[in-house]
Amino acid sequence: MGSVAAAVHEFPDSSTTALFLERCAASGDAAYSELRELLARLNDPATRKEARVFLAALGRISVDGDGGADEFFRRYGFCVRELLLHDSHCGLPITTLSSGFQQRKKLTMMEIPSIFIPEDWSFTFYEGLNRHPDSIFRDKTVAELGCGNGWISIALAEKWCPSKVYGLDINPRAIKIAGINLYLNAFDDDGLPIYDSEGKTLLDRVEFYESDLLSYCKDNKIELDRIVGCIPQILNPNPEAMSKIVSENSSEEFLYSLSNYCALQGFVEDQFGLGLIARAVEEGISVIKPSGLMVFNMGGRPGQGVCERLFLRRGFRINKLWQTKIMQAADTDISALVEIEKNSRHRFEFFMDLVGDQPVCARTAWAYMKSGGRISHALSVYSCQLRQPNQVKKIFEFLNDGFHEVSSSLDLSFDDDSVADEKIPFLAYLASFLKENKSNPCEPPAGCLNFRNLVAGFMKSYHHIPLTPDNVVVFPSRAVAIENALRLFSPGLAIVDEHLTRHLPKQWLTSLAIEGSNHAKDTVTVIEAPRQSDLLIELIRKLKPQVVVTGMAQFEAITSAAFVNLLSVTKDVGSRLLLDISEHLELSSLPSSNGVLKYLAGKTLPSHASILCGLVKNQVYSDLEVAFTISEDATVYKALSQTIELLEGYTSVISQHYYGCLFHELLAFQIGDRHPPQEREPAEVIPKEMIGFSSSAMSTLERAEFFVPGSKESGVIHMDLDRSFLPVPSAVNASIFESFVRQNITDSETDVRSSIQQLVKDSYGFLADGSSEIIYGNTSLALFNKLVLCCMQEEGTLLFPSGTNGHYVNAAKFVNATTLTIPTNSQSGFKIEPNVLAYTLENVSRPWVYISGPTINPTGFLYGDNDIKELLSVCARFGARVVIDTSSSGLEFQDDGCSQWNLERCVSTLKPSKPSFSVILLGELSFELTTAGLDFGFLILSDSSLVDAFYSFPSLSRPHSTLKYTFRKLLGLKNQKDQHFSDLIKEQKETLKNRANQLIKTLKSCGWDALGCHGGISMLAKPTAYMGITLKVGGFEGKLDGSNIREAILRTTGLCISSSTWTGVHGYCRFSFAQESGEFDRAMDCITQFKAVGLGPGYNRVGLYFFKRKKSIFFPIHPKPNSKSAEAFPMAAAAAAATADGVGAGVARQAELRRAEGNACFRKARLGAAIDCYTEAIALCPDVAVYWMNRGLCHFRRKDWSRVEEDSRRALALDDALFKGHYLLGCALLEKEECALAVEEFQKALNLLKSSNSVDKMAEDIWQVLAKAKYLHWEKHSTERVWKMQSLREACENALQEHHFLSGSLPEDSDNEYSEQCKLLSEVFTKAVLDDTPGDVPDYLCCQITFEIFRDPVITPSGVTYERGILLEHLRKVGNFDPVTWEPLKEHQLVPNLAIKEAVQAYLKEHSWAYKSY
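Residues numbered from 1 in each chain as written. Predicted model: local features only at pLDDT ≥ 70, side-chain atom pairs only at ≥ 80, totals over all residues. Heavy atoms only, no water.

1. Quick notes on the overall build of the protein
Secondary structure assignment for the protein yields 52 helices and 36 strands. For the protein, with 1414 residues in total, the buried portion stands at 57%. For the protein, the proportion of contacts with a sequence separation of at least 24, taken over those separated by at least 6, is 74%. Carbon and sulfur atoms form 51% of the exposed surface of the protein, whose accessible area is close to 59,100 Å². (Helix = DSSP H or I, 4+ residues; strand = E, 2+ residues; numbered from the N terminus. Buried < 20%, exposed > 50% of the residue type's maximum accessible area, 1.4 Å probe, protein only. Contact = heavy atoms within 4.5 Å. Areas by Shrake-Rupley, 256 points an atom, 1.4 Å probe, with all protein chains shown as cover.)

Have a look at this one:
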């Protein structure tokens, strides 16, 4: 830089400039190097003035030299020109501004070969900018893209005085020259600054930066008011050239090409050469302010429609500021456009010269240019502004976060503003939801909590009705809500508005059973009624229906009168009313008058009435529906919530999101009401008896297990749901979003039939040909329930294997279907065994057999191809209809050699005995495609009679077209075995496998017997260590078993599982494990936490895992003893004992009164008061043993073991025959770890109980603690023996080694006398401790059902030995047959197996560790 420094410090005479120019003449790179050093001097305030004077001298030489600026440019690699600025409106030079400030008429600009030289293209763009009013740029922050030598940025700052202009260009040389041009125009030729009307120079307003489009602004978080750009729009004919790294040292040719050509950008507009502009627009969306504008120069070559659509589909309103024709640059190669035309139907638009009006295509233009002709094209300047900037920004933030591939489908162009105002906010909401929720949130079946809150908020804000979410139940549609309500009440007679009967079952509409209809059979007869209220009321009075479902005429809905009359007449006749206001509820910021809602604003809705509203009024999707009911009766609300859970499963989350967004927008618009809400009148008491829920519904709702919502204070961790909450793969989110951002989706794009056919063929070998009917539903559960109705219509019997999904079984029972259980067992993984199925089907007419597979839900075990073949063979023999439910399949992670199904081959070889045999395939794509949170059920029917029967129940909730589009796309990825999608599914399978293993490990360590699983998202486990424990904690009190442990765990830890009531398998609970990662970890903590509560912190220390069946554990969480324990002795006996000791009868009565008071306090858990009463009784009659024992029980509850021991010893000293006294003393001694003494006391208690020949359930408790004491006694002494034996062994080994060492006979090799003696010594000690080493109990000493060691063995006529209690339970609950041989068996046929009992006792005597099996 020294040469330049010398030149600028001297007076710029001809010699100094000549030397400078001589160096520049060497090459273009040399000239650039000199200019770069000159810019450095300009940037330095100390040398700026001299450098600017030197620039002026160069400018004069450039203009005045021989040949002018062009010759100077050719010779020295740069030149300085003057650029005239003209007024855009009159075409005359600009002279003054309104303020009187003199504005220059021209700019002084330097040019170099590697920079795009100002020409018609950029002049037209500047002309377009001038079409804006002067205020458009004033005081704004502006960025110019592709600023080149910076003349537009400088001119813009010169004319409009913006706050800041950022000139951005990817060409580093362009930025340097733009910097020089900034100094050329910010200072005069004498090096003095030029100030504008605000006292600022161009240096204050303009900055130039090297930047790939807007990367500089994005990186520096600069928000822009205006973005202007003149960007290349032709693909480089040499794509490899565009892959070079841009730097100052790049060739001049390459850097100049950046001004003419662009590379592929990954946008759909690439095919038109507009990819770079598309990228600039999307980057601009991220940095533009909400009120910002973008102005772009657009060549008309692709066609005006294509150019405008680039902006429109990204959510812009556009305004064409200026349009003209310009000549196509002669050095621009348009061959890339010719190639595009060759490979597509699109035609570009060129013109022959400037006068031609008829456009020609790129191929013709290219040929014309090659022959020497000149061509032109249109050039337009567009100004564009986002129509909903904040919402559109959210959409593009989502797309830029890994979903760029969806942007090609994005279409935010709308002819109707009302459509845009509805859809764009929803897309923004959906984008935020998918971005923030990596896994879908757990929502209650009654409807998403947020949606119900929004409904309640809308009613409160717009109609002044103080509802809560607990008054709102969400349904998939209005038709589903009506049918579910009617099934809930199952009225003998219902009157339904004729406009609302289209989707009701045909049987209801054709039945004539009005007189004497039997409600107990849950039959429904529907009478269609007119909507006009006076006619409807007359019909109600005459027919006296139990349920009325109606809408209202438009003219009657304006006031409350008609509604009041309906409430009155239905109350008088005892009818329940469901009023549909769907047609009258307006989702508007200015809703019209609604009489029903006016009534509810002032009065509480009566308990016999509910309001129904189906939401179908939206501007975008005419078929997108969701419905909700309003009830202010808690019982009805709860029953409706449970009904939707049983019969439908869930309402589409997407539908709720869409309408929820509409409610949210309305609530955001609404101004808060400044007036206090009016007091509502309470609802009238309904004196007449109303119809209740149907008998089948009532019994099911009481018995079934339902979703447990979390509270505000604490959430519930759900391991009881058939839903996956694993992270949703990006491919799924992309498909969901794409289904909504698309417009004008064709029917073929939403037709999933062929995709499902391919899926079931590949996965199950099932051929769904053209004769098969494929039916879609929101959920597989909704489809299954329609099948149940078909079964009922055929008067068939639905057979479920034990261990079936509880929702399916309860759904069938809810509608009063005839059901039967197929016995299964844990040894086979609760799979149906062919011989058991055949035995069950022998006496069943019209059987429907339900099989869950290949993955069994909820056990997670698998049916192989041979398994299903054998079962179908049995079903064909009996002519059964077979429902194969594949809903939980597709996520098998451990097949263990289980062969893939080939149903087509299997069915084709069968020879059914009856034509009724058919295979029905039920499926769900949610698990198969890892679309957690989105459900899509399908049903494949091949029997035409079944198809007709199915369609006679028309109120099926079906998936919306957007979901069909989503699942069709995902099915395409799966069926085509897309590598990325296959990897996602494999990853989820691996996650589930790891979860299953971790769950099994945790359960086993906490006292559960987990069966394990091979696929799906759930498994079964038995709370073996907890069975029979009496627990009182967290509001739960009772003796634990498989049916109530769910409540105990939930109240204690907040973890919710499915109990054995749900699984239908005695003792076995269901755990699902597809939670979000953090939630799953918390669930594992909850299981461990409950172990500490239920088994005590000493569980691992004392080995309580051996408790296998009913027991009471008292360490350290102590149960509430049977209340009768504190009242073991009647008053007469106590008084007699007192009298015998010479105590007066009056004193004895006083003592008995104190005892009775103590008993009452004991039952209420008022232990302190009870102890006081018993102490007073003891003071009055100290020789009555029962008083001491009762007080000991109180201390027992308080875990005050020293006093338990003291009181029980006093009681036994008075009466040694008290078996409960020995029991209490044994517990106290066991707590002190005096195991041998405890064994003696427990044995005495057990002997006394047996000798009394009385049946007392405490015998089980005593036996269990006796077993525990014996085990602990063995464990203690076994440990001591093991240590002694180990010490002795080490001593012997040392002595042996010392002996050989001293005798010199300790060789180095291992094959010698010393090694042989060591080996024999080891064998001796191993045999010595063999009996003390726990192992497996011999099979002949264990029950065939429980696989646990016998205690009271009995033998059946078949010769099989079982545990008596377990076998009796089987006979009572399952049936009168031998569980193994299936021979008929009655209780009186059981004979004690004394030989086995003696063998067990002998085995236990020699192997005390086996007490762990009890």
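2. Let's talk about the nonpolar core
By size, the foremost hydrophobic cluster in this structure holds 179 residues, and its most contacted members are Phe 296, Phe 563 and Phe 737. Ranked by residues supplied to this core, first place goes to helix α17 (residues 417-436) with 10 residues. Those residues in contact with Phe 563 that lie beyond four places of it in its chain are Met 552, Leu 577, Leu 579, Val 596, Tyr 599, Leu 605 and Ile 611. One finds Leu 488, Phe 800, Val 815 and Ala 949 within the second-largest nonpolar core, a separate group that totals 67 residues. (Core = buried A, V, L, I, M, F, W, Y, C linked by side-chain atoms within 4.5 Å.)

3. Details of α17
For α17, with 20 residues, the first-to-last C-alpha span of 28 Å sits near the 28 Å given by 1.5 Å per residue. Where burial is concerned, most of α17 is hidden: 14 out of the 20 residues are buried. (Expected span 1.5 Å × (residues − 1).)

4. Re a negative patch on the surface
Negative charge collects at one region of the surface, where Asp 415, Asp 416, Asp 421 and Glu 665 lie side by side. Tracing the sequence through the fold places Asp 421 in helix α17. For Asp 421, a relative accessible area of 46% corresponds to the partly exposed category. (Patch = residues over 30% accessible without salt bridge, like charges linked within 9 Å, V, L, I, M, F, W, Y side chains within 5 Å. Salt bridge = Lys/Arg side-chain N within 4 Å of Asp/Glu carboxyl O. Lys, Arg positive; Asp, Glu negative; His and termini not counted. Charge placed at Lys NZ, Arg CZ, Asp CG, Glu CD.)

5. A few points about the pattern of salt bridges
Evaluated as defined, the whole model comprises 52 salt bridges. Of the charged contacts, one joins Arg 387 and Asp 417 as a salt bridge, the two residues approaching to 2.9 Å between their closest N and O atoms. Of this pair, Arg 387 sits in the loop between β12 (375-386) and α16 (389-399) while Asp 417 sits in helix α17, placing them 30 residues apart in sequence. Judged by its relative accessible area of 14%, Arg 387 is buried. For Asp 417, a relative accessible area of 38% puts it in the partly exposed group. Two residues, Glu 1157 and Arg 1154, come together in a salt bridge whose shortest N-O distance is 2.7 Å. Taken together, the positions of Glu 1157 and Arg 1154, both in helix α43 (residues 1145-1163) and 3 residues apart, correspond to about one turn of that helix. Overall, Arg 1154 belongs to the buried group, its relative accessible area being 16%.

6. Things to note about the sheet that holds strand β36 (residues 1391-1392)
Taken in spatial order, the 3 strands line up as β35-β34-β36 in an open sheet, and their pairing is antiparallel. Of all strands in the sheet, those with a lone pairing partner are β35 (1361-1363) and β36, marking the two edges. Judged from the 3 bridges that link them, strand β34 (residues 1353-1355) and β35 form a sheet pairing that is antiparallel. Bridge pairing in β35 links Ile 1355 to Thr 1361. Across the sheet, helix α51 (residues 1364-1373) lies against β34, β35 and β36, angled at about 90 degrees from β35, the strand it touches most. (Pairing = 2+ DSSP bridges. Axes fitted to C-alpha atoms, helices over the stretch in contact; angles between N-to-C directions.)

7. Concerning the sheet that holds strand β24 (residues 847-852)
The strand order across the open sheet built from 7 strands is β21-β27-β26-β25-β24-β22-β23, with neighbouring strands paired in mixed fashion. The strands lining the two open edges of the sheet, one partner per strand, are β21 (773-777) and β23 (819-822). Averaged over neighbouring strand pairs, the angle between their axes works out to 20 degrees when direction is ignored. Bridging between β24 and strand β25 (residues 881-885) involves 5 bridges; their strand directions are parallel. Paired with Ser 852 across the two strands is Asp 885, which belongs to β25.

8. A word on helix α52 (residues 1394-1406)
Taking 1.5 Å as the rise per residue, α52 with 13 residues should run 18 Å; its terminal C-alpha atoms sit 19 Å apart, in good agreement. All buried positions along α52 are accounted for by Ile 1396, Val 1400, Tyr 1403 and Leu 1404. Buried residues in α52, looked at end-on, bunch into an arc of 95 degrees, giving them a common side. Residues of α52 that are exposed and point over 90 degrees away from its buried face: Leu 1394, Ala 1395, Glu 1398 and Lys 1405. (Arc of directions from axis to C-beta.)

9. Examining unusual backbone geometry
That bond from Gly 853 to Pro 854 is cis: its omega, 0 degrees, falls within 30 degrees of zero. Among the structural elements, Pro 854 can be located in the loop between β24 and α32 (865-878). Of the consecutive residues Asn 857 and Pro 858, the connecting peptide bond is found in the cis state with omega at 20 degrees. If you trace the backbone, Pro 858 turns up in the loop between β24 and α32.

10. Quick look at the pairing of strand β3 (residues 141-145)
Counting buried positions along β3 gives 5 out of 5 residues, so the element sits mostly inside the fold. Across the two faces of β3 the burial is the same, with Thr 141, Ala 143 and Leu 145 and Val 142 and Glu 144 all buried. Note that β3 and strand β6 (residues 224-229) share 4 bridges and pair parallel. Bridged to Glu 144 within β6 is Val 228.

11. Quick look at the environment of Thr 750
Turning to its location among the elements, Thr 750 is positioned in the loop between α27 (730-741) and α28 (753-764). Here the alpha-carbon distance between Thr 750 and Arg 968, two residues 218 residues apart in the chain, equals 6.5 Å. Beyond its immediate stretch of four places on either side in the chain, Thr 750 contacts Ile 745, Ser 961, Lys 964, Tyr 965 and Arg 968. Among the polar contacts listed, one links the side chain of Thr 750 to the backbone oxygen of Asp 747, at a separation of 3.1 Å. (Polar contact = N/O pair within 3.5 Å; in protein donor to acceptor, adjacent residues only side chain to side chain.)

12. Side note on the side chain of Asp 225
Along the chain, Asp 225 falls in strand β6. Among the polar contacts listed, one links the side chain of Asp 225 to the backbone nitrogen of Thr 141, at a separation of 2.8 Å. Side-chain polar atoms of Asp 225 contact the side chain of Lys 289, separated by 3.5 Å. Residues contacting Asp 225, with those up to four places away along its chain left out, are Lys 140, Thr 141, Ile 288, Lys 289, Gly 292 and Leu 293.

13. Side note on the packing of aromatic side chains
Tallied over the entire structure, the rule returns 45 aromatic pairs. Taken together, a centroid distance of 5.0 Å and an interplanar angle of 45 degrees make the contact between Phe 936 and Phe 967 tilted. Here Phe 967 lies in helix α36 (residues 961-975) and Phe 936 lies in the loop between α34 (925-928) and β27 (937-941), a separation of 31 residues in the sequence. Here Phe 936 falls in the buried class, since its relative accessible area comes to 0%. The exposure class of Phe 967 is buried, given its relative accessible area of 0%. (Phe/Tyr/Trp six-rings, centres within 6.5 Å; stacked < 30°, edge-to-face > 60°.)

14. Considering the packing of helix α26 (residues 695-703) against helix α30 (residues 806-814)
At a minimum axis separation of 8 Å, α26 and α30 run at an interaxial angle of 155 degrees. Judged by the inter-axis angle, α26 sits roughly antiparallel to α30. Facing Ser 696, Ala 697, Thr 700, Leu 701 and Arg 703 of α26, the residues of α30 in contact are Asn 810, Lys 813 and Phe 814. Grouping the constituent residues of the contact of α26 with α30 by class yields 3 nonpolar, 3 polar and 2 charged. (Parallel < 35°, antiparallel > 145°, perpendicular 65-115°, else oblique. Nonpolar A, V, L, I, M, F, W, Y, C, P; charged D, E, K, R; others polar.)

15. Concerning the environment of Asn 866
By the element assignment, Asn 866 lies in helix α32. For the pair Asn 866 and Cys 898, spaced 32 residues apart in sequence, the C-alpha separation works out to 9.0 Å.

16. A closer look at the confidence of the model for the protein
The share of residues in the protein with pLDDT of 70 or more is 86%, and the mean pLDDT across the chain is 83. Counting contacts from residues 87-102, a segment whose pLDDT is below 50, to residues more than four positions away or on other chains yields 27 contacts. Low pLDDT, under 50, characterises residues 1100-1143; the predicted model gives this stretch 137 contacts beyond four residues in sequence or across chains. (pLDDT = per-residue confidence, 0-100.)

17. Brief notes about the pairing of strand β31 (residues 1036-1039)
Of the two faces of β31, the one lined by Phe 1036 and Gly 1038 is fully buried and the one lined by Glu 1037 and Lys 1039 carries no buried residue. Bridge count between strand β30 (residues 1030-1033) and β31: 4 bridges; the pairing is antiparallel. When the sheet's bridge partners are listed, Thr 1030 is paired in β31 with Lys 1039. Counting the residues that bridge the hairpin from β30 to β31 gives 2 residues, and of these Gly 1034 lies at a positive phi of roughly 60 degrees.

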